[in-house]
Amino acid sequence: MFQPVRLPREVGKFPNMKLSIHKVAILGSGIMGSRIASLFAGIGIPVILLDRAAQDTVAGEASSKRNALVNDALKKALTATPSPIYSKDGVKLIRTGNFEDDMSLIAQCDWIIEAIVERPDAKAALYEQVEKFRKPGSIVSTNTSGIPIHLLIKGRSEDFQQHFCGTHFFNPPRYLQLLEIIPTKYTDPKLVSALMHFGDLHLGKTTILCKDTPGFVANRIGTHAFLSTLHAMEKTGLSIDEVDALTGQLIGRSKSATFRTADIVGLDTLAFVAKGLHQFCIDDESRDQLMLPAWVEKMLQQQWLGDKTRQGFYRKSTDASGKKIFLSIQPDSLEYTLPRRTRFAAVDAAKNNEDIRERIKILLSSDDKAGDFLRDLFYRMFAYASHRVPGVADNVHTLDAAIKAGFGWELGIFETWDLMGLETTLEKMKASGHLPASWVEDMVSKGHGSFYKLNIGKPFAYAPALSEYIPTQTPQQERAFLVMRNFAEQKIWENSAARVYHLGDEVIGLEWYTKMGSIGAEVLEGMQTAIGIAEKKFKGLVIANEGPHFSAGANVGMILMLAMEKKHEQLEQAIKIFQDTMMRVRYSGVPVVIAPHGLSLGGACEMSLHADRICASAETYMGLVEMGIGVIPGGGGTKEFVLRASDEMHEGEPETITLKNRFETIALAKVSTSAEEAFENGIFREGRDLVIMNPNRRMGEAKQSVVSLFEEGYRKPQERTDIKVLGKSGLGTLLAGIHIMEASGYATGHEAKVARKLAYVMCGGEISEPAFVSEQYLLALEREAFLSLCTEPKSMERMQSVLKGGKPIRN
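The structure contained in this document is the topic of the report that follows. (Residues numbered from 1 in each chain as written. Predicted model: local features only at pLDDT ≥ 70, side-chain atom pairs only at ≥ 80, totals over all residues. Heavy atoms only, no water.)

Looking at the overall build of the chain
Logical step 1: A tally of helices and strands in the chain yields 32 helices and 27 strands.
Logical step 2: Computed over the C-alpha atoms, the radius of gyration of the chain is 28 Å, within 12% of the 28 Å expected from 2.2 N^0.38 for a compact globule of 811 residues.
Logical step 3: In terms of overall dimensions, the chain has C-alpha extents of about 80 × 70 × 65 Å along its principal axes.
Logical step 4: Across the 811 residues of the chain, 56% fall into the buried class.
Logical step 5: When contacts within the chain are restricted to residue pairs at least 6 apart in sequence, those whose partners lie at least 24 apart make up 69%. (Helix = DSSP H or I, 4+ residues; strand = E, 2+ residues; numbered from the N terminus. Rg over C-alpha atoms; globule rule 2.2 N^0.38 Å. Buried < 20%, exposed > 50% of the residue type's maximum accessible area, 1.4 Å probe, protein only. Contact = heavy atoms within 4.5 Å.)

Next comes the structure, spelled out in structure tokens:
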């Protein structure tokens, strides 16, 4: 069962309150309700999920019939891709029921979350029932995305009001980090603090304390950003395709960009929020910008709402050859046409730069149409956001944190403004008619040149109401929320791909910033150097980085180049250096803790396998995927799986089963869909490695682990010479399975060849009987097999396919 760090399976305790969360009730099993239930079950808290009884049923009928609506909704959620739950085992913690028969079950619950239709009257009627059954002191919250919270407590008891607030999760709850906490004037302040802490530590959320204003924080700013995109598009004459090319991953936002995202969310949903903001935000200086353009209103009238109606800003079609294509709508005619393929000089200059900050600088300094559009868009957002502080958000950090966590932006609005230069941009905004709030000019007049600043690695943000900078982290978060970039002044060493920082408390950190976090010669140099520095002067080393992903693995381009040029000696040397570096991670004189996140594949997985501890983000997708490019793991990954299989073999159990399980994990290139699944795949170790729910705490937890391991009396491990291999008897079992896979068409001839090489290495090579071997013996076998396979023409074809951005071809 999933068990995040510091969260006991049976209880989640609140600080400073005599209150614990043993069980949660979710009322409403729609898209949000079922997924919130999955989130809680995923962290080990039992959930009661209730919804309306199925139509045409009566009390007393079988629960399978009465609960058909909630059961179907949960099943639909659990079969969705990506999954809403960390581990399939978590499903066992969800009990379903209906409002009519099972409302009394909420008396068992410490937290009751309402997630039904966005109608105040429907919520009021449900709260009447909740009042009858909830136990005094239990928390009641609503997941509303926009209904004023204070309107929902009318007529409720004093205890209900004191324990009621808004808890606005963003969809999908597992993947989007934001949780907005919206109290009323009656909400117990201790409860608010408790929920902020629980959301941060146990749910892994960026918890934002919001005022009860229209749209709260993220939807207020995010909806304005969407509408500003429409207005900037109209002003500059760009097409929908061109705007999406400029507003996706290129500027640190979701791959689906603006209009594809709108189709996924639903134009009716966006319109509902936008019209609500226009109705209630009567004092907004830019209220006219909250109106939908006339052509979008016509789309609403035609019920062209996006994916749910099979057409919106885009419509799927087929070309003459039958290939699926996306047509985009033309605002002036409302006709769907083929995408307009326009090349912008700014995009060409920026797209290959891995640093989001550098990309944005390039784009916004461009004098082409793309630059014009992005400047107009950002100036609109800067001005509007400045007017929402401190009325909607107390300070610039709160607003930025909400928009990043709620919409998946890499940079916040004020962070981007800082990047462009506060004073320079301010003058350009005024010249273009986008006037910011007066506090911005007041701030500049006092000599403040940025919204954010650092002080010895600690981030501060400007708070207009106080006219001063305040910490962006609570004292409790300060040690946990580490960002390597913030320690730039404590840089110890660097090369063109990696840097080493002093993180304080006699711990150093290594990060690298290659494309997709690929691990090449300079990154390996960084690891060796960092370990050497740590052994001389420090307690230990944290290895982590802050890119979208930890690492996609070793530098395949370098391997392919050496293989194609038949530089076998250099290739073997490169493999040996990689292996030696991984062994240096394992057998260093100080603790080495790795903090992966996102994609952590191939060589990154091998590195993690050799660490003293892994402190992984809950959203870590890790596996040995080398089979996909026609080779076996060659950086110690194969050796490590043999070692672990040896340790897992017990008397009385078939040894070949243990080995077979390990073999299949590599041969099938299994990748965990969460950090929890990495335990199930045998990559993470129970009682040793940790899952960190909040990715912001990942590096802080890793640093603390280094200190703890050091203070517990860390000793350099000794290389193993007692690894049991099964020889020809084990090899025969594995080869039989490979033959069946090839004969039945599940494996190609080349895949079978690679699998046979893998089996050969994992069984100890030419050894005929079970025997004990050393790590170095297995590394030599692994290296020889890797070298022979990567020079195979079909393996090189696979590598070329991957480097071109596609999936490995199956040959």
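Some details on the packing of aromatic side chains
Logical step 1: Under the definition given, this model contains 22 aromatic pairs.
Logical step 2: Ring geometry for F160 and F164: centres 5.5 Å apart, planes at 20 degrees, overall stacked.
Logical step 3: Looking at F160, the relative accessible area reads 0%, which means it is buried.
Logical step 4: Since its relative accessible area comes to 0%, F164 is described here as buried.
Logical step 5: Between W439 and F451, the aromatic rings sit 6.0 Å apart at their centres with planes inclined by 75 degrees, giving edge-to-face as the arrangement. Note that W439 is positioned in helix α19 (residues 438-445) and F451 in the loop between α19 and β14 (452-455), a separation of twelve residues in sequence.
Logical step 6: You can call W439 buried: its relative accessible area is 11%.
Logical step 7: Overall, the relative accessible area of 0% leaves F451 in the buried class. (Phe/Tyr/Trp six-rings, centres within 6.5 Å; stacked < 30°, edge-to-face > 60°.)

Remarks on the pairing of strand β11 (residues 314-318)
Logical step 1: Relative to strand β12 (residues 324-329), β11 runs antiparallel, the two sharing five bridges. Pairing of R315 across the sheet is with L327, part of β12. (Pairing = 2+ DSSP bridges.)

Brief notes about the packing of helix α8 (residues 218-236) against helix α11 (residues 267-280)
Logical step 1: Following both chains from N to C, one finds α8 and α11 inclined at 105 degrees, their axes separated by 10 Å at the closest point. Of the possible angle classes, the one that applies to α8 and α11 is roughly perpendicular. Contacts between α8 and α11 pair N219, R220, T223, F226 and L227 from the former with L270, V273, A274 and L277 from the latter.
Logical step 2: Class assignment of the residues belonging to the contact of α8 with α11 gives a composition of six nonpolar, two polar and one charged. (Axes fitted to C-alpha atoms, helices over the stretch in contact; angles between N-to-C directions. Parallel < 35°, antiparallel > 145°, perpendicular 65-115°, else oblique. Nonpolar A, V, L, I, M, F, W, Y, C, P; charged D, E, K, R; others polar.)

A word on the sheet that holds strand β16 (residues 468-471)
Logical step 1: Ordered in space as β14-β15-β16, the three strands form an open sheet in which the pairing is antiparallel. In the strand order of this sheet, the two ends are held by β14 and β16, each with one partner. Along the sheet, successive strands turn relative to each other by an average axial angle of 40 degrees, direction set aside.
Logical step 2: With four bridges joining them, β14 and strand β15 (residues 458-463) adopt antiparallel strand pairing.

Quick word on the sheet that holds strand β21 (residues 592-594)
Logical step 1: Strand order in this open sheet of seven strands is β17-β18-β19-β20-β21-β23-β25, and the pairing throughout is mixed. Among the strands making up the open sheet, the edge pair consists of β17 (491-494) and β25 (690-692). On average, each strand axis in the sheet is inclined to that of its neighbour by 20 degrees, with strand direction left out of account.
Logical step 2: Note: β17 against strand β18 (residues 498-502), three bridges, orientation antiparallel. Among the inter-strand pairings, K491 is bridged to a residue of β18, identified as Y501.
Logical step 3: Across the sheet, helix α21 (residues 521-537) is in contact with β17, β18, β19 (507-512), β20 (540-543) and β21; its angle to β19 comes to roughly 175 degrees.

Overview of helix α18 (residues 422-431)
Logical step 1: Among the residues of α18, those classed as buried are L422, T425, L426 and M429. Down the axis of α18, the buried set is contained in an arc of 105 degrees. They therefore lie on one face.
Logical step 2: Buried residues in α18 make contact with α15 (369-387), α17 (413-420) and α19.
Logical step 3: Two residues or fewer after α18 comes G433, characterised by a positive phi angle close to 90 degrees. (Arc of directions from axis to C-beta.)

Regarding the environment of A480
Logical step 1: Note on placement: A480 falls in the loop between α20 (475-478) and β17.
Logical step 2: Separated by 220 residues in the primary sequence, A480 and G700 have C-alpha atoms spaced 4.0 Å apart.

Examining helix α28 (residues 698-711)
Logical step 1: Here α28 contains 14 residues, and its C-alpha end-to-end distance of 20 Å stays within 8% of the 20 Å for a straight helix at 1.5 Å per residue.
Logical step 2: Of all 14 residues that make up α28, ten are buried, and the element is covered over most of its length.
Logical step 3: Residues of α28 that are buried sit in contact with β19, β20, β21, β23 (613-617) and β25. (Expected span 1.5 Å × (residues − 1).)

Some thoughts on the pattern of salt bridges
Logical step 1: Taken as a whole and judged by the stated rule, the model has 53 salt bridges.
Logical step 2: Linking K211 and D394 is a salt bridge whose minimum nitrogen-to-oxygen distance equals 2.9 Å. Here K211 is found in the loop between β10 (206-209) and α8, whereas its partner D394 is found in the loop between α15 and α16 (396-407), with 183 residues between them in sequence.
Logical step 3: Note on K211: relative accessible area 31%, which makes it partly exposed.
Logical step 4: Salt-bridge contacts for K703 lead to D505; the nearest nitrogen and oxygen are separated by 3.1 Å. Residue K703 is found in helix α28, and its partner D505 is found in the loop between β18 and β19; the two are separated by 198 residues along the sequence.
Logical step 5: Here K703 falls in the buried class, since its relative accessible area comes to 9%. (Salt bridge = Lys/Arg side-chain N within 4 Å of Asp/Glu carboxyl O.)

Let's talk about the side chain of R662
Logical step 1: Note that R662 resides in helix α26 (residues 655-667).
Logical step 2: What R662 contacts, discounting residues up to four positions off in sequence, is F641, R644, A645, E648, N681, G682 and M762.

What to know about the nonpolar core
Logical step 1: F40, W111, F169 and F684 are the most contacted members of the largest nonpolar core, which has 89 residues in total.
Logical step 2: Every residue in contact with F40, bar those within four places of it in the chain, is listed here: V24, I45, V47, W111, I113, F169, F198 and L203. (Core = buried A, V, L, I, M, F, W, Y, C linked by side-chain atoms within 4.5 Å.)

A word on the pairing of β16
Logical step 1: In the sheet, β15 pairs with β16 via four bridges, with the strands oriented antiparallel. Looking across to β16, one finds that A461 is bridged to I470.
Logical step 2: Turn length for the β15-β16 hairpin, with the two strands adjacent in sequence and antiparallel, is four residues, and the turn residue S467 shows positive phi of about 55 degrees.

Focus: unusual backbone geometry
Logical step 1: A cis amide bond, omega 0 degrees, links T81 with the succeeding residue P82.
Logical step 2: By secondary structure assignment, the location of P82 is in the loop between α3 (68-78) and β5 (94-98).
Logical step 3: Between V389 and P390 the backbone carries a cis peptide bond, its omega angle lying at 5 degrees.
Logical step 4: Tracing the chain through its elements places P390 in the loop between α15 and α16.
Logical step 5: Non-glycine residue Q303 carries a positive phi angle of around 60 degrees.
Logical step 6: In this structure Q303 comes out as partly exposed when scored by relative accessible area, which is 46%.

Some remarks on the environment of R613
Logical step 1: Mapped onto the elements of the fold, R613 is located in strand β23.
Logical step 2: You can call R613 buried: its relative accessible area is 18%.
Logical step 3: Linking R613 and L327, residues 286 residues apart in sequence, is a C-alpha distance of 49 Å.
Logical step 4: Contacts of R613, omitting those with residues within four sequence positions, involve V592, V593, I594, R685, R688, D689, L690, S705 and L709.
Logical step 5: A polar contact is formed between the side chain of R613 and the backbone oxygen of R688, at a distance of 2.9 Å. (Polar contact = N/O pair within 3.5 Å; in protein donor to acceptor, adjacent residues only side chain to side chain.)

Observations concerning the side chain of K703
Logical step 1: At 2.8 Å, the side chain of K703 forms a polar contact with the backbone oxygen of L503.
Logical step 2: Not counting chain neighbours up to four residues away, the residues in contact with K703 comprise L482, L503, G504, D505, V507 and V542.

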